[in-house]
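Here is what each chain is made of, one letter per residue.
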Amino acid sequence: CLDWYTAFAFCAWDGARLPTESEWNHAASGGKEQREYPWSNPASSTVIDATYAVYNCEGDGVGQCAFTDILKVASKSPQGDGLWGHADLGGSMWEWMVDRYGPLTTPCVDCANLTGSDTYRVVRGGGWAIHELLLLNSARYNQTPFIRQKDIGVRCARNP
């Protein structure tokens with residue numbers, strides 16, 4: 001239930017920052033592997049079930065959307081982890097990116113969309129209440145930065 005501004009401030013308070021969409025995508029897709037889901041091995045695999053991620057209101061096993069579907073961080077680890085051990089890149093919570101929503105820059109090398117007239121911000125990763133297709137690494141969504149939703153959270157990034 002964090003809006004973009006609170007997520008931004010929290011990461012700054014924690015000595016970190018919001019990730020760029022490019023950074024998030026690199027981690028979720030396994031870099032050059034370009035995985036379909038963070039856990040896809042081989043990269044083209046589209047295998048998904050409740051052992052990999054929290055989605056489709058199935059976190060508590062009942063199948064009706066409720067707060068009990070929100071599970072602890074890394075509850076599907078290591079099965080659902082990305083190439084470098086990141087947990088919950090797919091499912092659980094949508095995650096705020098620093099980027100404004102707009103067309104993706106191609107090719108993108110260490111880039112972020114920080115300008116433009118679009119007021120929407122990017123969220124990635126899919127949430128606990130959505131369909132499995134929105135957990136694909138290629139899925140992206142926009143949200144107004146003032147919104148607080150029960151399925152949007154934050155993952156802070158740190159420079160090495």
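Heads up: the structure comes first, above all this text.
It should be emphasised that the depicted structure is a prediction, and the values quoted were computed from it without experimental measurement.

Quick look at the pattern of salt bridges now. This structure, assessed with the given rule, holds 7 salt bridges. Linking D3 and R148 is a salt bridge whose minimum nitrogen-to-oxygen distance equals 3.3 Å. With a gap of 145 residues between them, D3 in the segment before α1 (4–13) and R148 in the loop between β3 (140–143) and β4 (152–153) connect regions that are remote in the sequence. We classify D3 as buried; its relative accessible area is 10%. In this structure, R155 and E95 form a salt bridge, with 2.8 Å as the shortest nitrogen-oxygen distance.

According to the stated counting rule, one finds 7 aromatic pairs in the structure shown. Arranged with centres 5.6 Å apart and planes meeting at 35 degrees, the rings of F10 and W13 form a pair that is tilted. With F10 and W13 both in helix α1, this residue pair falls 3 residues apart, about one helical turn. An aromatic cluster is defined as three or more aromatic residues linked by ring pairs; in this entry it consists of W4, Y5, F8 and F146. Seen from the ring of W4, R121 lies directly overhead, with NZ or CZ sitting 3.9 Å from the centre.

Cut-off values and rules
Counting restarts for each chain, with residues numbered from 1 along the sequence as it is written. Local features in a predicted model are, by the rule used here, given only for residues with pLDDT of at least 70; side-chain atom pairs are given and counted only at 80 or more, and totals for whole chains, interfaces and linings are based on all residues. Where side-chain values are given, they derive from all heavy atoms of the structure, hydrogens and water being excluded. Each salt bridge in this description consists of a side-chain nitrogen of Lys or Arg and a carboxyl oxygen of Asp or Glu lying within 4 Å of one another. Numbering of helices and strands starts at the N terminus; helices are DSSP runs of H or I of at least 4 residues and strands are runs of E of at least 2. Only protein chains enter the accessibility calculation, which uses a 1.4 Å probe; a residue whose area is less than 20% of its type maximum is buried, one above 50% is exposed, and one in between is partly exposed. A pair of Phe, Tyr and Trp rings is counted when the ring centres sit within 6.5 Å of each other, with Trp represented by its six-membered ring. The angle between the planes then sorts it: under 30 degrees is stacked, over 60 is edge-to-face, the rest tilted. Should the NZ of a Lys or the CZ of an Arg lie within 6 Å of a ring centre and within 35 degrees of the ring normal, that charge is described as sitting over the ring.

Remember, this is a structural readout, not a statement about activity or role.
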